[in-house]
Amino acid sequence: MIRNILKFGFSTSTLNVEPKRKFSLFKLIVGAAIGVYGFDQGRKYREYLSNTFLTKEQINDLALKNMIKSKDQQLIAHPINSVNNLKNKEKVVVIGGGIIGISQALKLLRMGYNVTVIEQANTVASECSAFNGNVFNPMYFLPLVTKDNLIYMIKNIFEKPELTTVRFNMNAFLETNFIQWGINSLLLSMTDNAQILNSKKQLRIGSLTLQDIEKLKPSGLFKGHLIAKGQLGFFASDQKVNAYRDRLELLGIPHIKVDSFEQIEQFTKSDLKTEPNLKLFNRFKKALILTTESNLETRELTQAMLKYCQENFPNQFAIAFQTSAQNFVLDTDKYVKGIQTNKGIVLGDSFVICLAHKSKELAHKLRLNLPIVPAKGWAMGRTAPQNFNQTLVKEFTLNTPNYFATNLNGHLRLAGCAEVCTDTPSTDASSEWGAIQILNRFNEQNGFDFKMSDFTVRSCFRPLTPDDVAIISDVPGFKNVFINAGHGSRGMSYCFGAADIMSQVMEGSKEFEDYNVKRYYFI
């Protein structure tokens, strides 16, 4: 069949006529496609064979004796296997100790499972969850992956970075699975209808998050959080504010259109008429208040959830730090029975991968090209100065076209900008274009003269999917392995809702196919 396709590409005459010896674009495209497909299948096969394959007897011996021999190598069990497991309850291994992984663990514990978390660092919330903008916005959605944004990001490749807010770095094209991400972005995110559908999918997660937070509030997990009265957003033009307002109304998101500064004061019931506040308002004059928004410190919440799990589920919960997942352990029926780590094999009945964009590294082991790429963002924080209580950030999570600003318990946090790139760690985030632009714009718009040295500055890599919708799914072909990843910059805004969906998917629900990885092509 392939020969006939290629032969057809050579000539428009009958197949009995010898084709002319000339360059054929069709042949080149088909040949390249076959080559890429063959290379990808070969890589998938090699990755899959790098897993550890054991007989059922060997797995039983490993569980009993903590050590076995296989193919002239000695395999050991991780000590965490014997810690805090109630009998006759299914054990779930959660891979990743960020806010997504720990909230997933908490949800499963509440449902009665035994849960073991493995985390490569020596603490939870060590990467993207460690330091961000503190913006909690479960009912706010402005997708990063849209037709206009992709065009804008491509154009910005050739602009000075400090003149942009979102952009592609040329090294992004070298990122693993970038081709799959790019193709799916073009297929799934380019129309207005697709963007509305994608927004509804994310807002469903946000709605579930709000429901679960109400159930968890009596636990005290959110003490000191969720204190902003709303999100005050400024827009660069009437066109942008009207387009966004139309989207809010279509999606049913509560909001107030602001036409005067007095409306802001009426909403907050406080006097905010200062020269910098009026200057900021008059600079834009186009604003909306989202009445359900607030703020939340991701790392503090993750640590509080960890403590809650340890104290309230002492016989069901365990966590192994400085433990990095390397590959899977499968039995002769190709059923996943464990995770090979740097400290031994962690056994379990089910496995949930919560490693943000690095989830694709483990997914490769199961022949899955997970289309997630890292999008670099910047966050910076300092103690709020004494006169800061007179700013709009006293009452609101504030966002402009350039940055987000929050004031949580006297601590100012700024965040913004996005660069799709490889995940090469920053050597000095404070010298990078994103941090410089955020600070310059904040000072300019709010009348401050902060220096970069006044702030703690950090960059992190947010996991970006082709449609900006999280992947909450089983792994095709492996019914006891699941993925909860790809939440972009909204990890803490959607963590509880995503954990709820994931737990229902694990128990066989077909209600959440919108989040299944099978919606993507060429994976």
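In this text the structure is predicted, and so the values were computed from the model without any measurement.

**Q** Describe the environment of I183, and please don't skip the residues or the numbers.
**A** By the secondary structure assignment, I183 is in helix α6 (residues 178-188). Exposure remark for I183: the relative accessible area of 33% places this residue in the partly exposed category.

**Q** I'd like a description of the pairing of strand β8 (residues 230-234), backed by residues and values.
**A** Each regular strand shows side chains that alternate between the opposite faces of the sheet. Counted residue by residue, β8 has five buried out of five residues, so it is predominantly covered. Pairing of β8 with strand β18 (residues 396-399) involves four bridges; the strand directions are parallel. Counted as the bridge partner of Q231 is T397 from β18. Strand direction decides the pairing type here: β8 and strand β10 (residues 287-290), joined by four bridges, are antiparallel. Its bridge partner lying in β10, G233 is registered against L288.

**Q** So, the pattern of salt bridges: which residues are in play, and what are the values?
**A** In total, this model carries 21 salt bridges according to the counting rule given. Note that E419 and R167 form a salt bridge whose closest N and O atoms lie 2.6 Å from each other. With E419 in strand β20 (residues 411-420) and R167 in strand β7 (residues 166-168), the pair connects residues that are 252 residues apart, well separated along the chain. You'll find E419 and R167 in the same group, each marked buried. One salt-bridge network, in which partners are shared between bridges, spans E262, E265 and K273.

**Q** Report on the environment of V166, specifying residues and quantitative values.
**A** Considering the arrangement of structural elements, one finds V166 in strand β7. The spatial distance from the C-alpha of V166 to the C-alpha of D500 is 31 Å, given a sequence separation of 334 residues. Setting aside residues up to four positions removed in sequence, V166 forms contacts with L144, Y152, M153, N156 and A418.

**Q** Which residues make up unusual backbone geometry, and what values do they have?
**A** Residues other than glycine seldom take positive phi values, yet N134 does so here, at roughly 60 degrees. Along the polypeptide, N134 turns up in the loop between β5 (114-118) and β6 (135-136). One non-glycine residue, R367, adopts positive backbone phi at about 60 degrees. Relative to the helices and strands, R367 is located in the loop between α12 (359-364) and β17 (373-383).

**Q** Mind laying out the packing of helix α4 (residues 99-110) against helix α14 (residues 491-506), listing which residues take part and the relevant values?
**A** Between α4 and α14, the least distance of the axes is 8 Å, while the angle of their chain directions is 45 degrees. With respect to α14, the axis of α4 lies oblique. Between α4 and α14 the crossing geometry is right-handed. Residue-level inspection shows I99, I100, S103, Q104, K107 and L108 of α4 in contact with α14, the latter providing G491, M492, C495, F496, A498, A499, D500, M502, S503 and M506. Of the residues that constitute the contact of α4 with α14, the class distribution is 10 nonpolar, four polar and two charged.

**Q** Now, about the pairing of strand β22 (residues 471-475): what can you tell me, with residues and values included?
**A** With respect to burial, β22 is a largely interior element, four of its five residues being buried. Turn length for the β22-strand β23 (residues 478-485) hairpin, with the two strands adjacent in sequence and antiparallel, is two residues, and the turn residue G477 shows positive phi of about 90 degrees.

**Q** Kindly report on the sheet that holds β23, identifying the contributing residues and their values.
**A** Reading across the sheet, the six strands line up as β12-β5-β4-β16-β23-β22 and stay open at both edges, with mixed pairing between neighbours. The sheet is open, and its two borders are formed by β12 (317-320) and β22, each paired with just one other strand. Strand after strand, the sheet turns through a mean of 20 degrees between neighbouring axes, direction not considered. In terms of strand pairing, strand β16 (residues 350-353) meets β23 through three bridges, oriented parallel. Opposite V352, over in β23, you have F482 as the bridge partner.

**Q** Pulling in residues and values, what's your account of the UniProt feature "domain: FAD dependent oxidoreductase" (unreviewed entry) in the chain?
**A** The positions UniProt marks with the feature "domain: FAD dependent oxidoreductase" (unreviewed entry) are residues 91-504. A distance of 16 Å separates the end C-alpha atoms of residues 91-504, which is 33% helix and 26% strand.

**Q** Account for the nonpolar core, naming residues and giving values.
**A** Counting 58 residues, the largest nonpolar core has V115 and F317 as the members making the most contacts within it. Look past the residues within four positions of V115 in its chain and what remains in contact with it is V92, V94, A105, L108, L109, Q316, F317 and A318. Grouped together as the second largest cluster of nonpolar side chains are 35 residues, L398, C417, A429 and V457 included.

**Q** Give me the lowdown on helix α9 (residues 261-268), citing residues and values where you can.
**A** Within the sequence span of α9, burial applies to F261, I264, E265 and T268. Taken end-on, α9 shows its buried residues confined to a sector of 95 degrees, consistent with a single buried face. Buried-residue contacts for α9 involve β8, β9 (255-258), α10 (275-284) and β18. Looking one or two places after α9, you find K269, whose phi comes out positive at around 55 degrees.

**Q** Requested: an account of the side chain of H225, with residues and values cited.
**A** One can find H225 in the loop between α7 (192-216) and β8. Looking at H225, the relative accessible area reads 7%, which means it is buried. With residues up to four places along the chain from it excluded, the contact list for H225 reads N295, L296, E297, E300, L301 and L408.

**Q** Give me the sheet that holds strand β1 (residues 52-53): which residues, what numbers.
**A** Overall, mixed pairing links the four strands, which are arranged β1-β13-β14-β15 in an open sheet. Across the chains shown, the open sheet's two edge strands, defined by having one partner strand only, are β1 and β15 (344-347). Pairing of β1 with strand β13 (residues 325-330), which is carried by two bridges, proceeds in the parallel orientation. Paired with T52 across the strands is V329, a residue of β13.

Parameters and conventions
- Residues numbered from 1 in each chain as written.
- Predicted model: local features only at pLDDT ≥ 70, side-chain atom pairs only at ≥ 80, totals over all residues.
- Heavy atoms only, no water.
- Helix = DSSP H or I, 4+ residues; strand = E, 2+ residues; numbered from the N terminus.
- Buried < 20%, exposed > 50% of the residue type's maximum accessible area, 1.4 Å probe, protein only.
- Pairing = 2+ DSSP bridges.
- Salt bridge = Lys/Arg side-chain N within 4 Å of Asp/Glu carboxyl O.
- Contact = heavy atoms within 4.5 Å.
- Axes fitted to C-alpha atoms, helices over the stretch in contact; angles between N-to-C directions.
- Parallel < 35°, antiparallel > 145°, perpendicular 65-115°, else oblique.
- Left-handed = near helix turned anticlockwise from the far one by under 90°.
- Nonpolar A, V, L, I, M, F, W, Y, C, P; charged D, E, K, R; others polar.
- UniProt positions renumbered as here; feature names shortened; annotations may be inferred.
- Core = buried A, V, L, I, M, F, W, Y, C linked by side-chain atoms within 4.5 Å.
- Arc of directions from axis to C-beta.

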